[in-house]
Structures are given as structure tokens and as C-alpha cells.
Amino acid sequence: MAEKIILEIARYSPEQDHEPHFESYEVPVYKEWVVLDALNHIKDTMDGTLTYRWSCRMGICGSCGMMVNGEPKLTCATFLSSYAKNGNKIRVEPLRYFPVVRDLVTELTDFLVKLKKVKPWLMPKDEPPLSQGEFLQTPEQVDRYKQFSMCINCTLCYAACPVVGLDPVFVGPAAIALAQRYNMDSRDQGAQERTAILAHPDGVWGCTFVGECTRVCPKHVDPAGAIQQYKIAAVLDWLKSFVTPRGQDTKHARSEAGND
Amino acid sequence: MEASSHDVLLVGGGGAGLRAAIAAAEVNPKLSIAVVSKVYPMRSHTVSAEGGAAGVAKPDDSLDEHAYDTISGGDWLSDQDAVEAFVKEAPQELLQLERWGCPWNREPDGHIAVRAFGGMKKRRTWFAADKTGFHMLHTLFQTSLKYDPITRYDEWFVTKLLVDDGRVQGVVAIELMSGKIQTILAKAVILCTGGCGRVFPFTTNAAIKNGDGMALAYRAGAPLKDMEFIQYHPTGLPFTGILITEAARAEGGYMLNKDGYRYLQDYNLGTPEAKPVLRSMELGPRDRLSQAFVKEEQKGRTIPTPFGPVVHLDLRHLGEKLINARLPFVRELCLKYQNIDPVTELVPVRPVVHYMMGGISTDIEGATPIHGLFAAGEVACVSINGANRLGSNSLPECVVFGARAGKAAAAVASEQRPANASVLTQAIDEQRRLESQFLRKTGGQERVATIRGEMQATMEKSAGIYREGPLLAEGADKLRELQERSADINLDDRSRTFNTELESALELGYMLDVAESMVQSALHRTESRGAHQRTDYPARDDAKFLAHSMVYRNSDGSSRVEYSPVKITRWPPGERVYGQQAKTAVSQ
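Just so it is clear, the structure is predicted and the values come from calculations on it, not from any experiment.

Chemist: Tell me about the overall build of chain B, residues and numbers included.
Modeler: When you go through chain B residue by residue, the secondary structure sums to 16 helices and 21 strands. Compactness check: chain B gives a C-alpha radius of gyration of 23 Å against a globular reference of 25 Å for 588 residues, within 12% of the reference. Projecting the C-alpha coordinates of chain B onto the three principal axes gives extents of approximately 65 × 50 × 50 Å. For chain B, with 588 residues in total, the buried portion stands at 62%. In chain B, 75% of the contacts between residues at least 6 apart in sequence involve partners at least 24 apart.

Chemist: Let's hear about the overall build of chain A: which residues, and what values?
Modeler: Tallying secondary structure elements over chain A gives 10 helices and seven strands in all. Principal-axis analysis of the C-alpha atoms gives chain A an extent of 70 × 40 × 35 Å. Considering chain A as a whole, with its 260 residues, one finds that 46% of them fall into the buried category. Considering only intrachain contacts with a sequence separation of at least 6, the fraction spanning at least 24 residues in chain A is 66%.

Chemist: Explain the interface of chain B and chain A to me, using residue names and the numbers behind them.
Modeler: Contact with chain B, which involves 44 residues of that partner, is made by 43 residues of chain A. Of all elements in the fold, only helix H3 (80-99), helix H4 (132-144), helix H9 (328-338) and helix H14 (500-524) of chain B reach the threshold of two or more residues within the side of chain B that touches chain A. In terms of residue class, the side of chain B that touches chain A is built from 21 nonpolar, 14 polar and nine charged.

Chemist: Account for the sheet that holds strand S1 (residues 3-11) of chain A, naming residues and giving values.
Modeler: Residues and elements named next belong to chain A. Reading across the sheet, the five strands line up as S2-S1-S5-S3-S4 and stay open at both edges, with mixed pairing between neighbours. Edge strands, defined here as strands with exactly one partner in the open sheet, are strand S2 (21-29) and strand S4 (71-74). Across the sheet, the mean angle separating the axes of adjacent strands is 35° when strand polarity is ignored. In this sheet, S4 lies alongside strand S3 (residues 65-68) in antiparallel orientation, the contact comprising four bridges. By the bridge assignment for S4, Val68 is matched with Glu71.

Chemist: Tell me about the packing of helix H6 (residues 173-183) of chain A against helix H7 (residues 191-198) of chain A, and please be specific about residues and values.
Modeler: Residues and elements named next belong to chain A. One way to put it is that H6 packs onto H7 with a least axis distance of 10 Å and a crossing angle of 165°. In terms of their interaxial angle, H6 and H7 are classed as roughly antiparallel. As H6 runs across H7, the sense of the crossing is left-handed. Here Ile176, Ala179 and Asn183 of H6 lie close against H7, whose contacting residues are Ala191, Arg194 and Leu198. Looking at the contact of H6 with H7, its residues break down into four nonpolar, one polar and one charged.

Chemist: Residues and numbers for the packing of helix H5 (residues 212-219) of chain B against H14 of chain B, please.
Modeler: Residues and elements named next belong to chain B. Relative to each other, H5 and H14 sit at 75°, their axes nearing to 8 Å. It follows that H5 is roughly perpendicular to H14 by the angle criterion. The segment H5 lies against H14, with Asp212, Met214, Ala215, Tyr218 and Arg219 engaging Glu507, Tyr510, Asp513, Val514 and Ser517. Partitioned by chemical class, the residues of the contact of H5 with H14 number five nonpolar, one polar and four charged.

Chemist: Requested: an account of the sheet that holds strand S5 (residues 125-126) of chain B, with residues and values cited.
Modeler: Residues and elements named next belong to chain B. The antiparallel open sheet is built from three strands, whose spatial order is S3-S5-S4. What marks the edges here is a single partner per strand, and that holds for strand S3 (53-54) and strand S4 (114-115). Of the strand pairs in this sheet, S3 and S5 are connected by two bridges, and their pairing is antiparallel. Bridged to Ala54 within S5 is Thr125.

Chemist: A description of the domain arrangement of chain B should follow, citing residues and the corresponding values.
Modeler: Residues and elements named next belong to chain B. Each assigned domain of chain B is listed here: domain 1 (3-229 + 357-423), domain 2 (235-352) and domain 3 (431-543). Domain 2 and domain 3 are separated by 31 Å when their C-alpha centres are compared. Considering every element that reaches the side of domain 2 that touches domain 3, the biggest residue donor is helix H7 (residues 286-298), with four residues. Residues belonging to the side of domain 2 that touches domain 3 are distributed by class as follows: two nonpolar, two polar and one charged.

Chemist: Account for unusual backbone geometry, with residues named and values stated.
Modeler: In the segment running from Val382 of chain B into Ser383 of chain B, the intervening peptide bond is cis, with an omega of 10°. Within the element layout of this structure, Ser383 of chain B appears in the loop between strand S17 (380-381) and helix H10 (394-415). We note that Lys119 of chain A has phi near 55°; this positive angle belongs to a residue other than glycine. Positioned with a positive phi, Arg279 of chain B is a non-glycine residue whose angle comes to about 55°. Tracing the backbone through its elements, the reader meets Arg279 of chain B in the loop between strand S12 (254-256) and H7. In this structure Arg279 of chain B comes out as buried when scored by C-beta crowding, with 27 C-beta atoms within 10 Å.

Chemist: If you had to explain the nonpolar core to someone new, which residues and values would you point to?
Modeler: Residue and element names in this part refer to chain B. Residues Ala20, Val36, Val171, Val189, Ile190 and Ala409 are the most contacted members of the largest nonpolar core, which totals 258 residues. Per-element accounting of this core gives the leading share, 13 residues, to H14. Excluding its chain neighbours within four sequence positions, the residues that come into contact with Ala20 are Leu10, Ile190, Cys192, Ala376, Gly402, Ala403, Ala405 and Gly406.

Scoring rules and cut-offs
Residues numbered from 1 in each chain as written. Chains lettered and ligands numbered in written order. Predicted model: local features only at pLDDT ≥ 70, side-chain atom pairs only at ≥ 80, totals over all residues. Helix = DSSP H or I, 4+ residues; strand = E, 2+ residues; numbered from the N terminus. Rg over C-alpha atoms; globule rule 2.2 N^0.38 Å. Buried ≥ 20, exposed ≤ 12 C-beta atoms within 10 Å, placed from the backbone. Contact = placed C-beta atoms within 7 Å. Nonpolar A, V, L, I, M, F, W, Y, C, P; charged D, E, K, R; others polar. Pairing = 2+ DSSP bridges. Axes fitted to C-alpha atoms, helices over the stretch in contact; angles between N-to-C directions. Parallel < 35°, antiparallel > 145°, perpendicular 65-115°, else oblique. Left-handed = near helix turned anticlockwise from the far one by under 90°. Domains from an automatic or database assignment. Core = buried A, V, L, I, M, F, W, Y, C linked by C-beta atoms within 7 Å.

Pasting the structure below:
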């Protein structure tokens with residue numbers, strides 16, 4: 001017989017419930033099983049109403065983030081066995097600070113709006129025909145933004161960020177890191193266009209540098225680093241504006257951060 | 001019942017779908033384009049593709065060589081006009097992705113870097129470390145955000161294509177968050193829903209890969225082509241089925257049996273050398289490597305585990321530095337999901353269902369026989385992949401044929417009449433079906449997971465790496481039984497809000513249709529070719545089967561298999577040769 005463990009799962013159905021409550025399910029602990037396997041076991045064999053998102057089961061699609069014993073986690077990468085000793089209970093809840101649609105499913109509409117707001121697409125200086133080949137970019141230039149391009153949009157960092165909790169309009173760690181991914185790209189000239197949102201009080205200045213976003217990130221994107229980097233660059237850019245009139249200066253926050 | 005209306009409608013928001021949406025928006029900015037996807041686009045399964053995307057990039061390479069590798073890799077079942085278009089446009093599409101910001105790996109001088117890949121005679125695989133699909137998808141998704149004519153229906157599940165008067169006119173879909181059932185009219189529809197690995201028990205495919213688009217088209221009367229050709233990738237992690245990319249072998253990894261012996265040398269794939277040799281040994285094609293595994297198992301030279309027999313992938317000699325630089329995701333996956341460090345330990349692997357060569361039959365523009373209905377990516381069969389796809393040909397296929405279908409659909413939409421009133425009646429009937437068969441149904445004894453499990457076991461037993469007539473016939477009978485039992489499904493969940501159990505039941509229906517098309521095609525193809533190996537018919541039979549299987553749905557729900565000719569342009573069928581002989585064979 002396999003060892004057993006209790007999952008206490010937050011349940012909420014807007015058609016029936018005024019507020020969330022917990023339900024407990026006993027599941028076997030196999031050493032290969034992650035929390036997501038236990039949820040699938042419950043849904044398939046015990047309770048078909050349990051509702052959650054998942055897809056790739058290899059930590060790259062970003063669907064299955066939940067609070068596991070109070071920590072934001074990708075449930076496909078969180079082994080049951082690592083909790084088996086801690087009183088044999090695992091508490092699974094939807095990611096914090098998001099509205100809950102049902103059970104473990106959070107509402108992502110606002111997050112998608114924030115992602116689009118930072119204009120996360122390449123804005124090159126000019127667009128020669130494809131026949132002229134690729135924009136050249138050395139491996140060192142790729143390395144400058146590569147880390148910030150690894151975000152899987154799992155939103156764990158929002159669930160970890162106390163500022164997001166206090167101020168829902170804060171653009172948030174993943175969106176700022178994504179903006180900085182393009183700002184730091186040697187092919188991009190869009191930093192100034194992104195300034196309106198990033199330099200806004202709901203942009204980087206909302207961050208009080210708690211660093212939780214970086215700590216919980218399953219892909220080591222370091223959003224906190226991106227935010228700090230942008231703040232420094234923005235200050236330098238602002239100082240420089242006293243020396244060079246705006247509009248004549250083609251180097252913005254991006255290049256001040258050491259991109260060239 | 002609510003209705004909305006667009007010009008071009010995409011079902012699926014992965015690599016092919018987003019590329020098609022952008023192409024349509026660029027052809028005619030006045031068009032209204034809808035992307036309807038059951039997941040947020042960045043969750044699409046393109047995200048899991050690892051190793052790279054093939055496209056001729058260097059002076060030592062040529063389009064003809066890429067075409068020859070693809071056609072011989074496909075055991076001459078590819079349509080050669082499609083392959084020629086594909087190899088020509090792949091480099092342009094990969095370059096277009098570069099222009100949109102895709103972080104391709106670079107040479108020290110700033111040019112695109114390419115790596116070796118299985119079955120390819122030259123280095124031509126563009127890569128972004130070993131997260132190529134992830135970077136391509138996010139680049140496409142982020143780029144798509146700047147096109148205002150693109151409207152997204154995120155987390156909407158399509159249940160039916162509306163077809164009347166011989167042309168497609170829209171879809172019926174459920175908005176998962178609210179449970180609302182809605183008609184979305186469109187003048188052209190492009191299916192980009194990917195493959196259906198979840199028909200099998202052990203697969204690299206994500207939970208969302210249920211053959212939705214294939215079944216939608218099939219039910220609407222379009223034929224499914226070459227469905228018997230199912231690719232087993234030779235290196236999946238046991239239990240999870242997580243893919244260890246072929247790039248691990250392209251960088252120099254060895255395949256070892258239980259004695260530490262590089263067993264591929266026994267299967268006509270060349271002789272072992274320390275460094276990787278193109279089109280040889282570990283860089284042979286996937287079908288041949290997966291078949292070699294089964295032979296090793298029969299000889300008792302695999303290693304037993306609770307999750308089936310395995311062999312070992314040895315990366316230790318590559319060193320930590322190379323592994324971190326070129327295969328970081330492989331290391332991450334091994335550490336996080338298998339508790340093994342490939343820098344110091346052998347990685348246990350076994351063949352795992354990975355890719356469907358077959359799909360909705362389309363022409364070279366992505367058009368199906370139903371007017372206005374297109375398909376691109378894994379859901380479609382153009383066919384460039386023939387009887388066996390080469391690694392790193394699927395990502396460029398998504399963008400090449402996604403772009404083609406997007407442009408063609410935009411042209412159709414620009415001149416198409418509005419929808420007929422009669423499709424609204426169809427939509428109301430579909431709403432009634434969903435209500436009566438699932439949400440308001442009384443009685444019923446079956447669970448979704450039970451039928452799904454039995455289907456998966458059936459498919460592995462009858463339509464695995466090696467097949468034989470009696471087992472296929474048995475599988476066909478069992479699938480018929482499961483179809484009947486699926487009418488007796490009883491859902492626990494009757495609510496409207498985000499009803500994933502309803503979604504699973506509908507996906508199971510899609511998978512049962514797709515499974516039947518696979519088994520029927522496999523049963524009728526009494527030869528062995530590429531990924532379709534019949535122990536009772538071990539030879540390739542060009543006289544009878546140099547032809548595409550076409551499965552049609554009959555009005556009573558049963559299927560029939562017909563054949564259509566393969567298009568040969570410049571490469572007459574020959575012998576597939578790998579290893580040392582390959583050099584001479586190709587240069588002739």
C-alpha cells in the first residue's frame with residue numbers, strides 16, 4: 001500500500017457558494033507524483049467537479065500555478081513526497097491576489113491587459129526587406145536580454161508580490177520584466193515608447209523591492225532585477241534630459257543600462 | 001443565442017494559428033480576425049517544442065538537400081510540390097521571426113547559428129537553446145498584440161463547425177469562464193489545433209492535444225489523410241513522457257542498452273564514432289530509432305523499470321559547460337522531473353508518442369475540400385512529412401503553412417457572402433445537443449476517465465510501433481464499443497462556470513473519432529513504410545501503397561478509407577539509407 005496524504009483544496013463555485021471553503025481528499029503518495037498528478041487523480045476517480053488549469057506537465061506552458069501550503073508553485077513541478085513528512089496535509093489554493101473564477105482557476109484578463117500595455121514587441125529602427133538577412137546580434141548581446149525572455153506568464157510572481165496585493169493597478173513583475181526584455185534587445189528602439197507605462201507611478205516606481213517575485217520565479221527570470229535595472233536607467237535618462245534636449249537624444253534607458 | 005461575426009476565424013492560437021492571424025491581418029488590414037483558443041495562446045503546445053526549426057541558412061547547404069532529406073525521411077510518402085514550397089519558404093519565415101525578435105542562438109559574428117538534427121545531412125536547424133518552440137510562440141504572441149484587427153477569444157472551446165451550402169460559415173463555441181454557448185460566424189475558418197497525442201497513454205503531448213480540429217473537420221465531411229503514421233520519439237522520460245530533445249543527440253549524446261553498448265549500430269544505421277555523424281547512428285530518423293528500441297527489448301537488452309523498459313541516453317561526455325549552454329532545458333527537466341543530473345548520470349529514456357504525420361487533408365495553400373475551411377500545422381496533412389517527420393521540420397511547417405493559410409483565407413474572406421440563415425438553426429441544434437447530452441442529462445453510468453483510459457490502452461496495444469492485422473481489427477471493435485459507451489457518460493459537474501469535465505467529455509468524443517481513423521487507416525495499409533510497421537506485411541509496397549490514405553466519415557458515423565496519389569516531382573522513390581552508405585546514396 002502506498003502512503004497516503006490529505007489534500008485540502010479550496011473550493012468555490014460562484015453558482016453555489018458565497019465564499020470559498022476547503023474540501024479534503026485522501027490520495028496515495030507515489031514518489032513520481034507531483035501535486036498536479038494528485039489533482040488529476042481526484043478529478044478522474046473521486047470528484048469530477050474539481051476545477052483547475054493544466055496542460056504541458058513540464059513546466060513550460062505556465063498554466064498550473066497554485067498556492068501550495070501558502071507558496072506560489074507550479075503544481076507540475078511540486079512533488080507530493082516533499083510534503084509527506086509535514087503532518088501529511090497539503091493545502092492547495094488558487095494563486096493569491098487574483099479574482100477567483102472557480103476553485104483553483106484565477107481570472108487572468110487583467111494580467112493580459114498589463115502585458116499588452118508595455119508594448120512587448122520589437123520596434124526596430126528600420127525594417128529593411130527580408131532579403132537583406134537577419135539583424136546581427138552577438139551571443140553577448142543576446143545574453144543581455146535572454147534571462148528576461150524566459151518568462152512563461154505563470155503569474156506566480158504576482159501572487160508573491162505584496163505591492164500587487166495592495167495596489168491592483170501596479171503593472172507587476174512579469175510585465176515589467178517583459179518590457180525590459182525588449183528594452184535590452186540591441187535590435188529594439190522602443191524604450192521611449194514604453195517609458196509612458198514603465199515610468200508611471202503604477203510602473204516601476206510602484207515596486208518597493210521586496211524581491212519575492214524573483215524568489216518564486218520557476219524560470220529564474222529575476223523580475224526584481226529587471227525593475228531595479230530600469231529604475232537606475234530611468235534616473236540616468238532623466239538626469240541626462242537636462243543636458244540634452246528631449247527628442248535629439250537617441251539613447252534612452254536601454255542604452256544607459258549598458259546595452260551597446 | 002448570441003452571435004458575433006468576423007471575416008477570418010482561427011481555431012487554435014499556437015505557432016500556426018498566430019502566424020496565420022498575423023498573415024491575414026497583413027494581407028488586408030480591413031479584415032476582422034478572430035483567434036478562438038481553448039487556452040490562452042501562450043499555453044499552446046508549440047511552447048513545448050525544444051530542439052529547433054530547420055531552414056537552409058548556410059552556403060554549404062541547398063534547398064534540394066533539405067528537400068531530399070525530408071522526402072527520404074518520409075519514406076517517399078511526402079507530396080514533393082509541398083516539400084519544395086516548404087524548404088524554399090522555411091528560411092524566410094524563420095528570418096521573419098528573427099525580425100520580430102525571436103532570440104535565436106548566434107554565431108560569434110552575430111549571424112544565426114544552426115545545429116545538426118536527426119535525418120538531416122547538413123546543419124540547418126535554427127535554435128533558441130533548447131526552448132525553440134517556447135521562444136517562437138512567445139515571439140508570435142507578443143507580436144500579435146500589436147495588430148488591432150485581431151480579436152482573441154481566450155479560453156473558448158469550439159464544439160462544432162457550421163457548414164452549409166458546401167462552405168464553412170463559422171463555429172459554435174463555449175466560453176469557459178461563463179459557460180455561454182455562442183455562434184461565431186466567419187467567412188473563412190482556419191483550424192490550427194495541433195495534434196492528438198493524448199489518444200495514447202504515453203505521450204509527450206500536453207493535456208490539450210485531443211485532435212479537436214481533426215475531429216471537427218472530419219465530422220463536417222473533410223477527409224483525414226495518412227492517419228496511420230504516428231511518430232514515436234525515441235527519447236521520452238519514463239512515467240511522465242517528458243521529451244528529451246533530439247538536440248541532445250545532435251550535440252553528441254549516445255544511446256546505450258543495458259550493457260552500455262551503442263546498439264543502433266546493429267540496425268543498419270552506421271557505425272559508432274565519438275563525434276556525431278549526420279544521418280548516422282544517433283542522428284538517424286526517429287521511426288528507425290524507435291523501432292530499434294523494440295528489437296532491443298525483444299533481445300532482452302533493455303533495462304526494466306516500473307514504467308516499462310528503458311535504454312540510456314548518455315550525455316556525460318559532453319561536459320557541464322556544453323550542456324548548460326546548449327541543452328539547459330534538458331538538464332532542468334532531468335533534475336526537476338526525474339531527479340537525475342545528465343552531467344554525471346545516465347538518463348533513462350523510452351519511445352514515446354510524439355507527433356501525427358497525418359491530419360486534415362489540405363492542398364498546398366492549406367485549403368481543405370470544404371470551401372473556406374483551411375488547416376495548418378500539426379492538425380493538417382499537406383503533406384510534407386510523409387510516413388515519418390524529421391525532427392525540426394514541424395516548427396517551420398507551422399509558420400510556413402500558417403502564413404500560407406492565413407493569406408489564402410484572407411483572400412476567400414474578402415470575396416465571401418455573409419452566412420446563410422440556416423447555419424443559425426444548426427447552431428441552436430448544437431446548443432440543444434450540449435444541453436441534453438451532458439448538462440441536463442439524467443442517468444448514465446460511464447466516467448470520462450474510464451473510457452479515455454480504455455481507449456488509450458487499446459491504441460497502444462493495436463496501433464503502437466509495430467502493428468499486425470488481428471490486433472488492429474480487435475482495436476477497431478473495441479473503439480466501436482467505446483463509442484457506444486461514451487453516449488452513456490454521466491458528468492458530476494453540471495455547472496456553467498469553467499466546466500472542465502464537460503470539456504473533457506467533448507475532447508474524449510474528438511479523440512474517439514480520431515482514434516478510429518488511425519486504426520482504420522493502419523488496418524487497410526497492408527505494407528510497412530516509415531512509422532507504420534506491419535509485422536504481417538514487413539515490406540514497402542510502392543505498387544499498391546505509394547498513396548495517401550483518406551478517411552471519410554459516412555453518414556451513419558462509420559468510416560471508409562480511400563486512397564489518393566502521392567505527388568512526385570523530382571525524387572522518384574528509392575531506398576532509405578542511413579549511416580555510412582548515406583553519403584554515396586545522396587551524392588548520386
